[in-house]
Amino acid sequence: MVNKLTYIESEQYNPYKNLAVEEYLFFHCQKEECILYLWQNQHTVVIGRNQNAWAECLTEKLENEGGYLARRLSGGGAVYHDLGNLNFTFLVNKENYNVDRQLEVIQKAVAKFGVCTEKSGRNDILINGRKFSGNAFFDSKGYYYHHGTLLLNVDTASMSRFLNPSKAKLQSKGV
């Protein structure tokens, strides 16, 4: 049972620092605690733990334009982060881990702005049938985290310039 809720909002946009804070929180979350960590990265491509950076993003272009490439602990696909993207992480122990409940928190928060969303598949949130939030997961030693992106006002031109998804993947996700 969660007896302690901790809310942390990052005040900087460096992906290496933000991902390091996420990892630190993961390994220091108390047994009956739920941590909600909100963060943003600037001009960044973040890849999952098993991805090939050169297959997922145009690494040279990203580097030449001053962007960051970072790898996260969780799996999942490559994502582009800028200041129009809000990232969230729920960190809890196994007993308190409930992805549906955590996604519901996000959906209720968005609904307060008059936006209707729906869950799709295992880890997406859609608005009008189009992907608005992708989510990924990590667990170790009885602790879990679920993190995701909220595409609020992302520079889609930059996103498409740096990411290298297959056309089939874009069509299947409704992006």
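Think of each chain on its own: its residues are numbered from 1, step by step along the sequence as written. Selection of residues for local features in this predicted model requires a pLDDT of at least 70, selection of side-chain atom pairs for listing and counting requires 80 or more, and totals for whole chains, interfaces and linings are taken over all residues. Just so you know, side-chain values use all the structure's heavy atoms and leave hydrogens and water out.

A closer look at the side chain of Thr89
Turning to step 1, where the next piece is worked out: Strands here are runs of E lasting at least two residues and helices are runs of H or I lasting at least four, both read from the DSSP assignment and numbered beginning at the N terminus. With respect to the helices, strands and loops of the structure, Thr89 is situated in strand 6 (residues 85-93).
Turning to step 2, where the next piece is worked out: In this scheme, a residue with accessible area under 20% of its type's maximum is buried, one over 50% is exposed, and one in between is partly exposed, where area comes from a 1.4 Å probe on protein chains only. The exposure class assigned to Thr89 is buried, which follows from its relative accessible area of 0%.
Turning to step 3, where the next piece is worked out: Polar side-chain contacts of Thr89 include one of 2.6 Å to the side chain of Glu22.
Turning to step 4, where the next piece is worked out: Of note is the side chain of Thr89, whose polar atom sits 3.0 Å from the side chain of Trp39.
Turning to step 5, where the next piece is worked out: A contact between two residues is defined here by any heavy atoms of the two lying within 4.5 Å. In contact with Thr89, other than residues within four places in its own chain, are Glu22, Ile35, Leu36, Tyr37, Trp39, Tyr145, His146 and His147. We call two N or O atoms a polar contact when they sit within 3.5 Å, provided that within protein one can donate a hydrogen and the other can accept it, with sequence-adjacent residues counted only if both atoms are side-chain atoms.

Description of the pattern of salt bridges
Turning to step 1, where the next piece is worked out: Here a salt bridge means any side-chain nitrogen of Lys or Arg lying within 4 Å of a carboxyl oxygen belonging to Asp or Glu. Summed over all chains, the structure comprises 6 salt bridges.
Turning to step 2, where the next piece is worked out: One salt bridge in this structure joins Glu95 and Lys31, with 3.9 Å as the shortest N-O distance. In this pair, Glu95 is assigned in the loop between strand 6 and helix 4 (99-111) and Lys31 in the loop between helix 1 (15-28) and strand 2 (33-39), connecting sequence segments 64 residues apart.
Turning to step 3, where the next piece is worked out: Take Glu95: its relative accessible area is 58%, and that puts it in the exposed class.
Turning to step 4, where the next piece is worked out: Here Glu65 ties to Arg161 by a salt bridge, and the two come within 2.3 Å at their closest N and O atoms. One end of the pair, Glu65, is in the loop between helix 3 (59-64) and strand 4 (68-71); the other, Arg161, is in helix 5 (residues 156-162), with 96 residues separating them in the sequence.

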